Amino acid sequence: MTRALILGGTADASELAAALARARIDAVYSYGGRTRAPADQPLPTRIGGFGGVSGLADYIRRETITHVIDATHPFAAGMSRNAAAACAETGTPLLALERAPWTKASADHWIEIADVDAAVAALPDEPTNVFLAIGRQHIAPFAGRPQHKYTLRFVDPPAAPPPFAAEVIVSRGPFTLQDEIEMLRPRRIAVIVARNSGGDGARAKIDAARMLGLPVIMIARPSLPERRRVDSVAEVMDWLGHRTCLGA
Ligand SMILES: NC(=O)c1ccc[n+]([C@@H]2O[C@H](COP(=O)([O-])OP(=O)(O)OC[C@H]3O[C@@H](n4cnc5c(N)ncnc54)[C@H](OP(=O)(O)O)[C@@H]3O)[C@@H](O)[C@H]2O)c1
């Protein structure tokens, strides 16, 4: 009997949950618990960390999970590494549902760098309006460049103000190209710092940067253990042996 665990928190994971529910496949959806009001899922849902590799391995055994689908955000590297280790320990098949990274077009002006510290170093020296399109847990190093005026955007209001001068926008995506242009233009944003998340949901800011001729300091994805990867829900259903249940 199949019993799948979706490691979620992304639009792709929600799409997969809908497909599994439609196909009546026994599955659990897992949220990390970062947002205060995560979207409802059409599957039984659990929220919060498992307690590292051993906690996840225990959960897999206790809940008789037969398949794990890592549909977390490409930058949620800790969860992905734990999933690879716990699945290896318990002998559970693991599949990553991972959207392809964005690729640079000729009209894009990207400064491609490896991590957040390199993004801080890549900012200009003169005071600049910067849109920091990265998760709240990564903003602290930008306090080292306090001459800039930062714009941040979060799903929930932050518990504490950022450790530097910043305007905080509280809003939940996805955003359209028009939304992004209307956010960037009046603030005279001159540089965007983004992570190469890939997919359509977060893409509009990259398209807006191209249209407005803005440079993007693009942070590359973290490296992850080798695992089987697909980029569509249909391929996950196929892997689970339920392709015909898609109704497509
Ligand atoms: N990183 C982003 O920018 C981003 C963007 C959109 C959505 N998200 C979602 O937000 C969640 C947290 O992201 P993150 O970057 O903080 O992850 P992370 O650094 O890789 O994870 C840190 C810890 O949070 C717990 N965790 C993360 N995702 C979980 C899940 N789906 N179910 C249960 N526990 C989970 C795990 O705790 P234990 O070790 O205790 O098990 C994990 O070790 C992820 O589910 C991700 O898909 C992240």
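In case you missed it, the structure is sitting above this.
Residues numbered from 1 in each chain as written. Predicted model: local features only at pLDDT ≥ 70, side-chain atom pairs only at ≥ 80, totals over all residues. Heavy atoms only, no water.

**Things to note about the overall build of the protein**
The helix and strand inventory of the protein stands at seven helices and 12 strands. In terms of overall size, the protein behaves like a compact globule, its C-alpha atoms giving a radius of gyration of 19 Å where 248 residues would be expected to give roughly 18 Å. Oriented by its inertia axes, the alpha-carbon framework of the protein measures out at about 60 × 40 × 30 Å. For the protein, the residues scored as buried account for 46% of the 248 residues in total. (Helix = DSSP H or I, 4+ residues; strand = E, 2+ residues; numbered from the N terminus. Rg over C-alpha atoms; globule rule 2.2 N^0.38 Å. Buried < 20%, exposed > 50% of the residue type's maximum accessible area, 1.4 Å probe, protein only.)

**Some words on the sheet that holds strand β7 (residues 129-133)**
Spatial ordering of the open sheet is given by β6-β11-β10-β7-β8-β9, a layout of six strands whose pairing is parallel. Looking at the sheet topology across the chains shown, the edges are occupied by β6 (109-113) and β9 (166-170). Looking at each pair of strands side by side, their axes are set apart by 20° on average, direction ignored. Sheet topology note: the β7/strand β8 (residues 149-154) ladder contains four bridges and is parallel. When the bridges of β8 are listed, Asn 129 appears paired with Lys 149. Set on the sheet, helix α6 (residues 204-212) makes contact with β6, β7, β10 (191-195) and β11 (215-219); between it and β10 the angle comes to about 150°. (Pairing = 2+ DSSP bridges. Axes fitted to C-alpha atoms, helices over the stretch in contact; angles between N-to-C directions. Contact = heavy atoms within 4.5 Å.)

**Remarks on the packing of helix α2 (residues 52-62) against helix α3 (residues 77-90)**
The geometry of α2 relative to α3 is characterised by a closest axis approach of 8 Å and an angle of 55° between their N-to-C directions. Classified by the interaxial angle, the pair formed by α2 and α3 is oblique. Considering how the two elements wind past one another, α2 and α3 form a crossing that is right-handed. Facing Gly 52, Val 53, Leu 56, Ala 57, Ile 60 and Arg 61 of α2, the residues of α3 in contact are Met 79, Asn 82, Ala 83, Ala 85, Ala 86, Cys 87, Glu 89 and Thr 90. Looking at side-chain class alone, the contact of α2 with α3 contains nine nonpolar, three polar and two charged residues. (Parallel < 35°, antiparallel > 145°, perpendicular 65-115°, else oblique. Left-handed = near helix turned anticlockwise from the far one by under 90°. Nonpolar A, V, L, I, M, F, W, Y, C, P; charged D, E, K, R; others polar.)

**With respect to the sheet that holds strand β1 (residues 4-7)**
Taking strand neighbours across the sheet as the criterion, the six strands line up as β3-β2-β1-β4-β5-β12 in an open arrangement whose pairing is parallel. One side of each edge strand has no neighbouring strand; the edge strands of this open sheet are β3 (45-47) and β12 (229-230). As paired elements, strand β4 (residues 67-70) and strand β5 (residues 94-97) share three bridges and run parallel to each other. By the bridge assignment for β5, Ile 69 is matched with Leu 95.

**Some details on the environment of Tyr 31**
By the secondary structure assignment, Tyr 31 is in strand β2 (residues 27-31). Placed 18 residues apart in sequence, Tyr 31 and Gly 49 show a C-alpha to C-alpha distance of 8.0 Å. Excluding residues that lie within four positions of it along the chain, Tyr 31 makes contacts with Gly 9, Pro 38, Ala 39, Gln 41, Thr 45, Arg 46, Ile 47 and Gly 48. Side-chain polar atoms of Tyr 31 contact the backbone oxygen of Ala 39, separated by 2.7 Å. Within the structure, Tyr 31 has its side chain in polar contact with the side chain of Gln 41 (distance 2.8 Å). (Polar contact = N/O pair within 3.5 Å; in protein donor to acceptor, adjacent residues only side chain to side chain.)

**Things to note about the pattern of salt bridges**
Under the definition given, this model contains 14 salt bridges. With a closest N to O distance of 2.7 Å, Glu 63 and Arg 3 form a salt bridge. With Glu 63 in the loop between α2 and β4 and Arg 3 in the segment before β1, the pair connects residues that are 60 residues apart, well separated along the chain. Take Glu 63: its relative accessible area is 25%, and that puts it in the partly exposed class. A salt bridge links Arg 187 to Glu 167; the shortest N-O distance between them is 2.7 Å. (Salt bridge = Lys/Arg side-chain N within 4 Å of Asp/Glu carboxyl O.)

**Examining the packing of aromatic side chains**
Scanning the model with the defined rule gives four aromatic pairs in all. Taking 4.7 Å as the distance between ring centres and 55° as the angle between the ring planes, the aromatic pair formed by Tyr 29 and Tyr 31 counts as tilted. Looking at Tyr 29, the relative accessible area reads 0%, which means it is buried. Here the aromatic residues Phe 142, Tyr 150 and Phe 164 are joined through ring pairs into a cluster of three or more. The ring of Phe 75 carries the charged tip of Arg 195 above its face, separated from the ring centre by 4.9 Å. (Phe/Tyr/Trp six-rings, centres within 6.5 Å; stacked < 30°, edge-to-face > 60°. Lys NZ or Arg CZ within 6 Å of the ring centre and 35° of its normal.)

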